Amino acid sequence: MTVLDRTPLTTASTATTSEPKRAPRAVRPIGVGLALAALATVVWSGSFVTSRALHDSVPPIQHAFWRWIIAIVAVAPFAARQTWRQRALLRRHFRFLLLASFLGITVYNTLVNQAAMTTTAGNMGMIMAASPVLMAVYERVGGTRLGARRVTGMLIACAGVLILVSGGSLSMDFAVGDLWVIAGAVSFGSYSALLKRKPAEIGGLPFLFAAFVLGALMLLPVFVASYVIQGGFEPTVGTVSPLLYVGVVSSAVAFFAWNKAISIIGAARAGVIYYLQPVCVALLSFAVLGEAMGWLQVMCMGLILGGVVLGSAGRAK
């Protein structure tokens, strides 16, 4: 009985040790980066609708300022302690932080809010889709080889955007607000390209928190001027709810996702995903506002989606 009792134990032990352990399949980093870029793009699409919704009730500067104050409050519980621990590191790279905050926080969203005074949410979303071209140019100047597939996908998506903006006539008839958005696209493209140079030792949350604080501080003088000249706004459900959306979701969540995506897949590939924005804005306008969607919009969406799929599928360099 002793031998019989031991035999199964020995056999089971041998089988256990000889069987190779299967390691869990790791998620491909490029897939995570593309998903994060898509998340930020979808969330930001709603920002154009909220900017347009607030254009006649909240002055653009005050809209931008309160957005970042809300974002600071939302991020502080998660980032304040880490930011304090990295304060010496943040001081060492202060000039980089200042430039990134100026382009991505102070200038970009203020220009978009200003544009909402005289142009539609759809136009803002479509024109902002030009910023990936600048991202790709910056990466190419920096020595990154984009690859034929990614460039082709970018050109196809860009063609879809241009046809959509021009209504199929390819005649660029820009309103004043459209010009503000073009300036915003340049600012955002420059910010996204700059993120690639972010010192790796600075954590994502400390960088985001510091950028929000610096951006809000740079907006403070013009906010005070706007308040003195234009007066404040009435805090109602119709004004506070959109501000909470852009402050918490479009700022805290979307900027963190976008910054992380850039660190994983680079600005050029993330920029290809950003071409989805006019599609998201058009669908959101159709679903929420009941705006008409004709065959031209559907065709252009097909071009944009096809370009995104082609451009984002290229092998990472």
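### Thoughts on the overall build of the protein
Next up, step 1: In terms of helices and strands, the protein carries 13 helices and zero strands.
Next up, step 2: What you see in the protein, going N to C, is helices and strands ordered as α-α-α-α-α-α-α-α-α-α-α-α-α.
Next up, step 3: Out of the 317 residues in the protein, the part that is buried amounts to 47%.
Next up, step 4: Across the protein, the fraction of contacts at a sequence separation of at least 24, relative to all contacts at a separation of at least 6, is 90%.
Next up, step 5: Split by element, the accessible area of the protein, about 16000 Å² in all, is 68% carbon and sulfur.

### A short note on the packing of aromatic side chains
Next up, step 1: Scanning all chains against the criterion turns up 15 aromatic pairs.
Next up, step 2: Pairing Phe65 with Phe223 gives two aromatic rings, centres 4.1 Å apart and planes at 20 degrees, and the pair type is stacked. Separated by 158 residues along the polypeptide, Phe65 in helix α3 (residues 60–85) and Phe223 in helix α10 (residues 204–230) bring together distant segments of the chain.
Next up, step 3: Owing to a relative accessible area of 11%, Phe223 belongs among the buried residues under this scheme.
Next up, step 4: With a centroid separation of 6.4 Å and 35 degrees between ring planes, the pair formed by Phe223 and Tyr227 is classed as tilted. Taken together, the residues Phe223 and Tyr227, both in helix α10 and four residues apart, mark about one turn of the helix.
Next up, step 5: Taken together, the ring pairs connect Trp44, Trp68, Tyr108, Phe188, Tyr191, Phe212, Phe255 and Trp258 into an aromatic cluster.
Next up, step 6: Positioned above the aromatic ring of Trp84, the side-chain terminus of Arg87 is 4.0 Å from the ring centre.
Next up, step 7: Across from the ring centre of Phe207, 5.8 Å away, lies the NZ or CZ of Lys198, which sits over that ring.

### Considerations on the confidence of the model for the protein
Next up, step 1: Averaged over all residues, the pLDDT of the protein is 79; the fraction at 70 or higher stands at 79%.
Next up, step 2: At the low end of the mean pLDDT range in the protein sits helix α1 (residues 2–18), at 44; at the high end sits α10, at 95.
Next up, step 3: Long-range and interchain partners of residues 1–27, a stretch whose pLDDT sits below 50, account for one contact in this model, where long-range means more than four residues apart.

Rules used throughout
Residues numbered from 1 in each chain as written. Predicted model: local features only at pLDDT ≥ 70, side-chain atom pairs only at ≥ 80, totals over all residues. Heavy atoms only, no water. Helix = DSSP H or I, 4+ residues; strand = E, 2+ residues; numbered from the N terminus. Buried < 20%, exposed > 50% of the residue type's maximum accessible area, 1.4 Å probe, protein only. Contact = heavy atoms within 4.5 Å. Areas by Shrake-Rupley, 256 points an atom, 1.4 Å probe, with all protein chains shown as cover. Phe/Tyr/Trp six-rings, centres within 6.5 Å; stacked < 30°, edge-to-face > 60°. Lys NZ or Arg CZ within 6 Å of the ring centre and 35° of its normal. pLDDT = per-residue confidence, 0-100.

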